[in-house]
Amino acid sequence: MTSPDGAALPPEEESTEPPDPELMALVKAARRGDRGSFAALHARHVRLVRGILMARGGTRDLDDRVQSVFASALEHVAELRDPAAFGGWLAQIARREATTRAGHATEELAVDEIAVVDRPRAEAEQLLARIRSLPMAYAEPLILRLVFGMTGPEVARELALSPAYVRVNLHRGMTKLRELLDLDGRDGRKGGT
Amino acid sequence: MSRADEYLWDKSGAPDPEIAALERVLGVLAEPPEAPARAAPAPKAEARPSTGGRQVAYVAVAATLAAVLATLAYVSRRPSPTRAEAEPAPLAPVQPEPPPTSAAGRALPDESTGARDGGAITRRSPPSTPPSGSVKDPFAHAPPPAPAATGAPKDPFGRPGAPSAAPPRAPAKEPKHR
């Protein structure tokens, strides 16, 4: 397996983490129809779903998309065979949702429109746009780490990925982002002079 | 592994200033701009109204039914207005008349009767003056108080000097002079 820029990557699906017994219990109860357990799963994974959807579709209608992902998960959780794979399964639902929405996506809110309303948010949206321009294998862990504050081990555990894979992508993504921002800075200085 | 790498991976060690600045800027996107994140989809079983909500619904239905029944009862008891009542005819001009009083000053029942002739209320004309020689009681035309009244008129009010309401004595037999 190679990274988006051609470098070798550690194997993606080799999580060395033992299954979380609490997660297993929650998923098993949710499969039996326990709504409280599903609510607990929602609380545990909502950052993950938001991060994946944000990486692929930006912030527009984010709440609606998150709601749609969890509604779909609630509908199909009884069909999930391996409780330990809940995070990866949920992430796949979110990626499918993002792809479906991208097919008939409305135009993105322009950053200039946001700036009129909320300057810090406009600055964040600009930075997010730079991260989203990276390959998705870098953008997803970067957004989960920088926007939602998840650590690398948390990302690896919730996505059922190997920590080595996540770690490499996180650092390579950060390197790429620095290059982009340096480039932006130089362009900004050139433009300003 | 550099300090920045460690901080990026698991936030251990001293924060890298550049990464910390990115976290600060991007952190505003973690929360929705206007409303807090919605909760998990509400289960369908919980969508049923609670017991309190059901009681309120019952009270509302009962109140509506009571209102409908009261309206129906009012409409059914109310006499249907005739055309004449719907368009009231002007009353015939009547001179104000003091209520008749007895000799003792008590008010007597009004004899006037409102006749509904085509909606116009007429007042019976006062009785004509009784012929001289008869009892000059202005209330002689009052309705008889007892059905067995025969002979001399009785005063239903037991006025002094007036014939009492007691059964009249049989008239004394006059000796036949013939």
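This section reports on the structure supplied with the text.

Conventions we followed
- Residues numbered from 1 in each chain as written.
- Chains lettered and ligands numbered in written order.
- Predicted model: local features only at pLDDT ≥ 70, side-chain atom pairs only at ≥ 80, totals over all residues.
- Heavy atoms only, no water.
- Axes fitted to C-alpha atoms, helices over the stretch in contact; angles between N-to-C directions.
- Helix = DSSP H or I, 4+ residues; strand = E, 2+ residues; numbered from the N terminus.
- Parallel < 35°, antiparallel > 145°, perpendicular 65-115°, else oblique.
- Left-handed = near helix turned anticlockwise from the far one by under 90°.
- Contact = heavy atoms within 4.5 Å.
- Nonpolar A, V, L, I, M, F, W, Y, C, P; charged D, E, K, R; others polar.
- Salt bridge = Lys/Arg side-chain N within 4 Å of Asp/Glu carboxyl O.
- Buried < 20%, exposed > 50% of the residue type's maximum accessible area, 1.4 Å probe, protein only.
- Phe/Tyr/Trp six-rings, centres within 6.5 Å; stacked < 30°, edge-to-face > 60°.
- Lys NZ or Arg CZ within 6 Å of the ring centre and 35° of its normal.
- Buried area = accessible area lost by both parts, 1.4 Å probe.
- Polar contact = N/O pair within 3.5 Å; in protein donor to acceptor, adjacent residues only side chain to side chain.

## Examining the packing of helix α2 (residues 35–57) of chain A against helix α7 (residues 136–146) of chain A
Residue and element names in this part refer to chain A.
- Close contact between α2 and α7 brings their axes to 9 Å; oriented N to C, the two are set at 135°. Considering their axes alone, α2 and α7 lie oblique with respect to each other. As for how α2 packs across α7, the hand of that crossing is right-handed. Contact residues: Arg 47, Leu 48, Gly 51, Ile 52, Met 54, Ala 55 and Arg 56 in α2; Met 136, Ala 139, Glu 140, Ile 143 and Leu 144 in α7.
- A per-class count over the contact of α2 with α7 returns 8 nonpolar, 1 polar and 3 charged.

## Some points on the pattern of salt bridges
Residue and element names in this part refer to chain A.
- Tallying each qualifying case throughout the model produces 10 salt bridges over all chains.
- Arg 44 is the salt-bridge partner of Asp 20, the closest N and O atoms lying 2.8 Å from each other. A residue pair is termed long-range when its members are at least 10 positions apart, and Asp 20 in the segment before α1 (21–31) and Arg 44 in helix α2 qualify at 24 residues.
- A salt bridge links Asp 63 to Arg 50, with the nearest nitrogen and oxygen atoms 2.9 Å apart. One end of the pair, Asp 63, is in helix α3 (residues 62–76); the other, Arg 50, is in helix α2, and 13 residues separate them in sequence.
- Salt bridges here are not isolated pairs; linked through shared partners, they connect Asp 20, Glu 22 and Arg 44.

## Re the side chain of A:His45
- Relative to the helices and strands, A:His45 is located in helix α2.
- Setting aside anything within four residues of it in sequence, one finds A:His45 in contact with A:Leu23, A:Phe70, A:Phe86, A:Gly87, A:Leu90 and A:Glu158.

## Examining helix α1 (residues 3–10) of chain B
- Those residues of α1(B) that sit buried are B:Ala4, B:Tyr7, B:Leu8 and B:Trp9.
- Where α1(B) ends, the next residue or the one after it, B:Lys11, has phi of about 65°, a positive value.

## A word on the packing of aromatic side chains
- Here the structure, examined in full by the defined rule, presents 2 aromatic pairs over all chains.
- Over the ring of B:Tyr7 we find A:Arg145, and its NZ or CZ is 5.2 Å from the ring centre.

## Looking at the interface of chain B and chain A
- With 29 residues of chain B at the contact, the number on the chain A side is 38 residues.
- When chain B packs against chain A, close to 3,100 Å² is buried across both sides, 65% of that on carbon and sulfur atoms.
- When the buried surface of chain B facing chain A is broken down by residue, B:Leu8, B:Trp9 and B:Leu29 rank first, second and third, together holding 28% of it.
- Across the chain B-chain A interface, the total number found is 4 salt bridges.
- Among the salt bridges present, the one from B:Glu18 reaches A:Arg178, with a minimum N-O distance of 2.8 Å.
- Applying the counting criterion to the chain B and chain A interface returns 9 residue pairs in polar contact (both at pLDDT 80 or more).
- Ranked by the residues each element gives to the side of chain B that touches chain A, the list is headed by α1(B), at 7 residues.
- When the residues that make up the side of chain B that touches chain A are grouped by side-chain class, the tally is 19 nonpolar, 1 polar and 9 charged.

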